[in-house]
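The lines below spell out each chain.
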Amino acid sequence: MDATGAASVALRPVLDPPRRPARVLAVFPSAIYLEVRAELEPHVVAVTTGAAVRLPNALVTAGALPQAAVGDEAWVGDGAVELGRLRLRVRRWWDPAPPPERAGPARLAAALPVLAGVCDRSPRRPGLEGSAAAGLLAAGCARASLLDCVTAAEQLVGLGPGLTPSGDDVLAGTLVTLRHLGTASGTPRAVWLADWLGAAVAFDARDRTTAVSATLLHCATRGQACAEVLAVLRGVTGGRSPEPALERLLGLGHTSGADLAWGLRVGLAAVVALAGNPSGNPSGDLAGDLAGDLAGDLARDGERVR
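Caption draft 1: Layout of helix α3 (residues 132-142). Counted residue by residue, α3 has nine buried out of eleven residues, so it is predominantly covered. Of the positions making up α3, those classed as buried are A133, A134, G135, L137, A138, A139, G140, C141 and A142. Taking the backbone nitrogen of A133 as reference, a side-chain oxygen 3.2 Å away marks S131 as the first, capping residue of α3.

Caption draft 2: Spotlight on the side chain of H218. Residue placement: H218 occurs in helix α8 (residues 211-221). Under the relative-accessibility criterion, H218 is labelled buried at 12%. Reaching out from H218, the side chain makes a polar contact with the backbone oxygen of A202 at a distance of 3.4 Å. Aside from chain neighbours lying at most four places away, what touches H218 is E41 and A202.

Caption draft 3: Inspection of the nonpolar core at higher detail. The biggest cluster of nonpolar side chains holds 74 residues, and the ones touching the most others in it are Y33, L137, V229, L246, L249 and L268. Considering each element in turn, this core owes the most residues, twelve residues, to helix α11 (residues 256-276). Those residues within four positions of L268 in sequence are excluded, and the remaining contacts are L108, A111, L112, L115, T177, L181 and V236. Of all hydrophobic cores here, the second largest spans 22 residues; its members include V14, V36, V81 and L88.

Caption draft 4: Focus on the environment of A103. With respect to the helices and strands, the residue A103 is situated in the loop between β8 (86-94) and α2 (105-121). Sequence separation between A103 and D168 is 65 residues, and the spatial gap between their C-alpha atoms is 27 Å. Contact partners of A103, with chain neighbours within four places excluded, come to L108, A184, S185 and T237.

Caption draft 5: Molecular detail of the packing of helix α5 (residues 166-185) against helix α9 (residues 227-237). Packing of α5 against α9 leaves a shortest axis separation of 11 Å and a crossing angle of 25°. As far as their axial angle goes, α9 and α5 are roughly parallel. In the packing of α5 onto α9, the handedness of the crossing is right-handed. Packed against α5, whose contacting residues are V176, T177, H180, L181 and A184, the element α9 presents V229, L230, L233, V236 and T237 at the interface. Its residues placed into classes, the contact of α5 with α9 shows seven nonpolar, three polar and no charged.

Caption draft 6: Representation of the environment of E243 within the structure. Relative to the assigned elements, E243 resides in helix α10 (residues 243-250). Each C-alpha atom, one on E243 and one on A275, is 23 Å from the other, the two residues being 32 residues apart in sequence. Apart from the residues lying within four places of it in its own chain, the contact partners of E243 are V114, V118 and R121.

Criteria and cut-off values
Residues numbered from 1 in each chain as written. Predicted model: local features only at pLDDT ≥ 70, side-chain atom pairs only at ≥ 80, totals over all residues. Heavy atoms only, no water. Buried < 20%, exposed > 50% of the residue type's maximum accessible area, 1.4 Å probe, protein only. Helix = DSSP H or I, 4+ residues; strand = E, 2+ residues; numbered from the N terminus. Polar contact = N/O pair within 3.5 Å; in protein donor to acceptor, adjacent residues only side chain to side chain. Contact = heavy atoms within 4.5 Å. Core = buried A, V, L, I, M, F, W, Y, C linked by side-chain atoms within 4.5 Å. Axes fitted to C-alpha atoms, helices over the stretch in contact; angles between N-to-C directions. Parallel < 35°, antiparallel > 145°, perpendicular 65-115°, else oblique. Left-handed = near helix turned anticlockwise from the far one by under 90°. Nonpolar A, V, L, I, M, F, W, Y, C, P; charged D, E, K, R; others polar.

Now the structure itself:
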């Protein structure tokens, strides 16, 4: 059975080369995850229907998915995926990291209380409420302290259950936001932080978390994200209310949407702080205030759910 689909450009390193073996890693009603037996990143391909979340490592088909079970053999390469009787060829490509539109620090700062309000009112809570590591990440990013950020990341990678642990989702949201909003606002210190924190996160992610989550973290280091995250960032930079997009994001998964939203808040607060304090000097009042606010929110959330 032949079919065509649209693939993320993040998959070019595994879809363009000659075909190689893969195996079915997970099966859901609207998605099948394939692990490619190679050292390239990303090494997990999400074959999905249009009803699934459009992940940055997705190959989307308009047709039905074949019957599959975990452990089944598959092939990936030569511009196609072969799974059972299905041969799914890439007909077009899409960009999971579109260039952001320009937005000044004042516009970004105005979005901070909006994001905080929506997240605080939502019944969907992040999986790391009360986590000291998440608070350290917020403080480190707002001050551009690479030491604090890497220390926090060491504790967060792989932290939590599921295919995408909460700690990984927080880091992914933070990395994407630092890169996109740092670029949008002309804040090179935020992009610098995304580069170095991303390198630290990606270094051994494959050995410390699930294959699916390691792939998504590698995507995040390049600013590649799911459509729901990108929609929130477009609302922030475009001066439109990010509330509808943020509410959709919060609804993803059990805690994944809320964890990604927390990472967005960490990244947004950091960009605002660094735009007003380009050196990242810890003495900057704005950096300290934002870091304290975020860490305090996290601690209060943790107390509320105990």
